[in-house]
Each structure stands twice: as C-alpha cells, then as structure tokens.
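The lines below spell out each chain.
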Amino acid sequence: MDDAGHMTPDAFRRAGHAVIERIARYMEEVKRYPVLSRAEPGSVRARLPEAAPETGEPFADVLRDVDEIILPGITHWQSPNFYAYFPANASGPSILGDLLSSGLGVQGMLWATSPACTELETHVLDWLVDLLGLPEGFRSSAAGGGVIQDSASSSTLTALIAARERASAGAANRHGVGLGPAGRGAGRLTVYTSRHAHSSIEKGVKIAGLGRENLRLVDADGRHAMRADALEAAIAEDRARGATPAMVCATVGTTSSGAVDPLRAIGAVCRRARVWLHVDAAHAGSATVCPEQRGLIDGLELADSYTFNPHKWLLTNFDCSCFWVADRAALIEALSVLPEYLRNEATESGAVIDYRDWQVPLGRRFRALKLWFVIRHYGAEGLRAHVRHCVALAEWFAAQVEASGEFELAAPVSAGLVCFRHRAGDAFNEALMNRLNESGALYLTHTKLDERLVLRLAVGAVATRRAHVEGAWSRIVETAQALAAAGA
Ligand SMILES: *Cc1c(COP(=O)(O)O)cnc(C)c1O
C-alpha cells in the first residue's frame, strides 16, 4: 500500500499475476465443474459478512473467497458442455483487451476525451463491414457508420428512438401538428416485429414511450419466420386507422429457434411504406464471417440499422454489441444535445465522431480494444474456423437426432442451434432436461414452438470439441432411456 492506501504498481503487479494465474487455471479446470450452478437461493449471501470491512483486507484473502464463495455460485458459461441460451464467448485475447481497457481507465464519451477510443471503434466497425459482408452504406466513409453498444437491447432501443424521431417529424409535417409524447390516439406511432422476436423489442417500445399497445406481432410462417405479406397488411391497416408506422424489427436467427425473417421481402415492404427497418441478428450475425452463411443477411442493404453481438459468438467478452446505421445523421439528430460543459473545438469543427450521440448514456468504455485484440489474434481465418467448427458440430448432433427413433428435430438447424424433442411429449422432455441439467454434465434450455416444449442445444463455447457434443448426445439418449424405463 502507498501512503494514501492505494495499491502500489508493484503490489498491483503481484496481485495481477495471481489473478491471471487464477483465470488460466479456470480455463483448464472449467470442464470439471457442474455446468449449472447448484447454489440455492440466498446461499452465496449467507457466506458473506453482514457489513463491509472497516479496514482493508489482504488481496490474497479476497482471492481465496473467490474460490470458496463465488465459484460455487457460478454457472459455467465457458464450460465445453454449455449449450444453453446462446453462448457468451470469452477468449484469451478478449479478456486481455478488456483488462487493458480497465487499466487505461478511459472514458470515451467524446472524440476529445480520448481520440484513439473513438477512432479505433470507427475503424474496427468498418473492418467488420468487410469481414461480415455488410452493405457498403454502413461504412463511416459513406453516410452510415458503426458503434459499439453494451447490448443488442440498447442497439434496438437506439434504433427505435431514431425511427420514432424520423416518423414523428414526418407525421407532424403531414398533420401540421406535433405528436404527444406517448403517441396515443390518432397519429400514434406503431412498431412491427414477428411473434418470435426477442423480448428486447417490446422492452424498447416501452422505454421509448411508444406504448406496448402500439407494438404489432406479425404472423410467422411454418418455419417461424415473419410473413412479409402479413406485415404489409398490418401496416396498411394501421395507416387506414390514422396511425404512423415507425419501425419494423426483423430478426436473423430468433432466440427461440434460429428462424430467419426474409429481409429482402420485408425490406421491400418497408421501402414502399417508408418505414425504418431495423435488423436484429444478435446471435446469428457472427456467422456471416463465413461467405457460405451470407444468405442469412440477403437484402440487408434495404435496412436502416443492424445489430449483432460479438459477445455471443464472436469470441469477445460481454459486453460488446455492434450497431450500424445507414444514415448516421438521423441517429445524431435524435440523440444529440450539447451543454456548455461538453463544448470543444474538435466537436465544433465537425471533423470528428462523438459517440455519446450514438447511444443512450453519456459515458462509454473502451470496448473496441478487446474486439481489435480478437480480430488481430484470430484473423478472419480464425473467426471463420470458429463459426464453421460450431456449425459442423450442431449439424452432427442434428443428424443423430434425425437418425434416432425416439427424438425428432423441431425446427431447421440454424447457425449452431438445434431445436429437438423426444417424441414422448412435453412432460417427458421437461423431465429429461431437468435431469440432464441437475447431473451437471451439460446444460441446455428449452423453448415453446407450436405450443410444444422443445429442447435447444446451442453450440458455441470456445472449449467445445467433437468429443463433448458426442458425450452430450450419449448422455441425452441414456437419460431418456432411464426415464422411460422408470415409467416417466
Ligand atoms: C440475445 C438476443 C438479444 C438480446 O441481447 P442482449 O445483448 O443481451 O441485449 C436480442 N435479440 C436476439 C435475437 C437475441 O438472441
């Protein structure tokens, strides 16, 4: 400790090495832990002291408590046997990039508050336009540009706000009046998404003050993808009632089943109706680093905004959600305010990007650093290899499901996600999932498709190899046989 009670650089060095060592050991050992934490509600808090310490404690004691109190309360997202929800990749270069970001302690709200924080972010998001095969219009050298948000929920909320402003300006021009803040009654703004879209759309609609009653859930086809004709009809119906359609959110890879909304057809509807099209590819978006997966985003050039999460499947630690717009002026107009204390020469010159105008909060972390580390460590080749490896394992698993008599696929395999079920019905599938998860050997979650319970296996953890997926399949078959024998 120094005279002010701070950790000296030398003490930091020693403690820091111990933390890195702890993380490295975790990477080696994570395969041995039960994937789903067995903690009971309140069990972690019960082991923590009632009050904060009055005097500082040795760092080694803190680390010891991490092992004894914290780790038993962790569900191991980095386990090779984690197949629940969608993956949340953490990779070596990303962890180190995030650590460095903490070490530099940069706050990148304006270009002027750390030029490299802004410029690296703009540059890496331009790189991703190439790497992912995104439309040219999303580039910062065109009218668009990209920004890193904390989550896809924030990306979608930001898109909603920009779309709301554009639509209400248009409506005010047509009706000669401004809209009320809640957008109720005649001239209210409406938003469209599929029945299978993520809950963050509904949450964004609530936060943006548009009113839950103005969100339309458009019908889906047999593959759970939004029907463009149903969308067009819903928009026409609302227009006839005097509403102003503001935004359509299409999904590439729904959370439930990996369904892909037809962007080209939806985009054509949005162009005709002059409605903002936002595309949520939170998980599946990573797949388009592979040219053979670009069909997922066919028609994306018709979109006004797009988001995907490197923090799901592109080897980058949470939080890191990339968000692009085709017209950055619309976004900045919607979100920019300039108090005196933030005025500065660079901003006034108009030559720089101030990312505070591209997001809801003012302050922002240096997230581009970890994404840059990841892209440089793996190269485009390494990123593609990761996606292809996961996709191949998911396809192998799906082939076992199809070949088995007892199990069946419940949806087409999509971007590393397999939806399947045992033919014995909902109660059996639920019991099977619970027994598998309680065993600690693997962790998977469920959804409902066509009113039936479906198990989801999402392959994406960095450590997952062929042997793990084979082990998961054997375990699933054996557990189902044991359950059936017990008459479940
Ligand atoms: C995971 C997911 C989200 C939410 O992502 P956050 O970054 O946690 O907000 C949104 N949409 C889809 C399709 C998702 O799979």
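Residues numbered from 1 in each chain as written. Predicted model: local features only at pLDDT ≥ 70, side-chain atom pairs only at ≥ 80, totals over all residues. Heavy atoms only, no water.

Caption draft 1: Just the overall build of the protein chain, in detail. From N to C terminus, the protein chain includes 14 helices and eleven strands. The globule rule puts the C-alpha radius of gyration for 488 residues at 23 Å, and the 24 Å found for the protein chain is close to it. By the burial criterion, 51% of the 488 residues in the protein chain qualify as buried. Here the analysis covers contacts within the protein chain between residues at least 6 apart in sequence; of these, 74% occur between residues at least 24 apart. On the protein chain, roughly 22,100 Å² of surface is accessible, and the fraction owed to carbon and sulfur atoms is 54%. Positive and negative side-chain charges in the protein chain, numbering 50 and 56 respectively, have mean positions lying 4 Å apart. (Helix = DSSP H or I, 4+ residues; strand = E, 2+ residues; numbered from the N terminus. Rg over C-alpha atoms; globule rule 2.2 N^0.38 Å. Buried < 20%, exposed > 50% of the residue type's maximum accessible area, 1.4 Å probe, protein only. Contact = heavy atoms within 4.5 Å. Areas by Shrake-Rupley, 256 points an atom, 1.4 Å probe, with all protein chains shown as cover. Lys, Arg positive; Asp, Glu negative; His and termini not counted. Charge placed at Lys NZ, Arg CZ, Asp CG, Glu CD.)

Caption draft 2: Broad picture of the site of the ligand. Around the ligand sit 14 residues, and of these A152, S153, D280, N309 and K312 come closest. Here an oxygen atom of the ligand and a side-chain polar atom of S153 are 2.5 Å apart. At a separation of 3.3 Å, an oxygen atom of the ligand approaches a polar side-chain atom of H311. In isolation the ligand offers 380 Å² of accessible surface; the protein chains occlude 88% of this area. Within the residue set of the shell around the ligand, elements represented by two or more residues are α5 (152-175) and α9 (310-313). Among the residues forming the shell around the ligand, the class breakdown is three nonpolar, nine polar and two charged. (Near = heavy atom within 4 Å. Polar contact = N/O pair within 3.5 Å; in protein donor to acceptor, adjacent residues only side chain to side chain. Nonpolar A, V, L, I, M, F, W, Y, C, P; charged D, E, K, R; others polar.)

Caption draft 3: Geometry of the sheet that holds strand β8 (residues 407-409). One open sheet holds the four strands; their spatial order is β8-β9-β11-β10, and the pairing between them is antiparallel. Where the open sheet ends on each side, the last strands, each with one partner, are β8 and β10 (445-449). Ignoring strand direction, the axes of neighbouring strands in this sheet form an average angle of 40°. Relative to strand β11 (residues 452-458), β10 is paired through five bridges, and the arrangement is antiparallel. Note that in β11 the partner of H446 across the bridge is L455. The sheet contacts of helix α12 (residues 368-403) involve β8, β9 (417-422) and β11, and relative to β9 the element is tilted by about 20°. This element, helix α14 (residues 466-485), spans β8 and β9 of the sheet and lies at about 130° to β8. (Pairing = 2+ DSSP bridges. Axes fitted to C-alpha atoms, helices over the stretch in contact; angles between N-to-C directions.)

Caption draft 4: Structural context of the side chain of E121. Relative to the helices and strands, E121 resides in helix α4 (residues 115-132). Here the side chain of E121 touches R364 through a polar contact of 2.9 Å, side chain to side chain. In this structure E121 touches V147, I148, Y355, R364 and A368, once residues within four positions along its chain are discounted.

Caption draft 5: Fine view of the nonpolar core. Of all hydrophobic cores here, the largest spans 85 residues; its most connected members are V248, Y306, W324, F397 and F420. Once you skip the residues sitting within four places of it in the chain, W324 turns out to touch L125, L128, V129, L132, L134, F138, G145, G146, D304, S305, Y306 and F308. Among the nonpolar cores identified, the runner-up in size contains 29 residues, and L157, L189, A197 and L335 belong to it. (Core = buried A, V, L, I, M, F, W, Y, C linked by side-chain atoms within 4.5 Å.)

Caption draft 6: Examining helix α8 (residues 263-273) more closely. What α8 keeps buried is the set L263, I266, G267, V269, C270 and A273. End-on view of α8: buried residues confined to an arc of 160°, all on one side of the axis. Turned more than 90 degrees away from the buried face of α8, the exposed residues are R271 and R272. Looking at the buried positions of α8, the neighbouring elements they touch are α7 (228-240), β4 (244-251) and β5 (276-280). Backbone geometry just after α8 places R274 at a positive phi near 55°. (Arc of directions from axis to C-beta.)

Caption draft 7: Local environment of the sheet that holds strand β6 (residues 305-308). In space, the seven strands of this open sheet follow the order β1-β7-β6-β5-β4-β2-β3, with mixed pairing throughout. Since the sheet does not close on itself, it has two edges, and those belong to β1 (145-149) and β3 (215-218), each with one partner. Neighbouring strand axes in the sheet, compared pairwise and without regard to direction, differ in orientation by 20° on average. As paired strands, β1 and strand β7 (residues 321-325) are joined by five bridges and run antiparallel to one another. Along β7, the bridge assignment pairs Q149 with S321.

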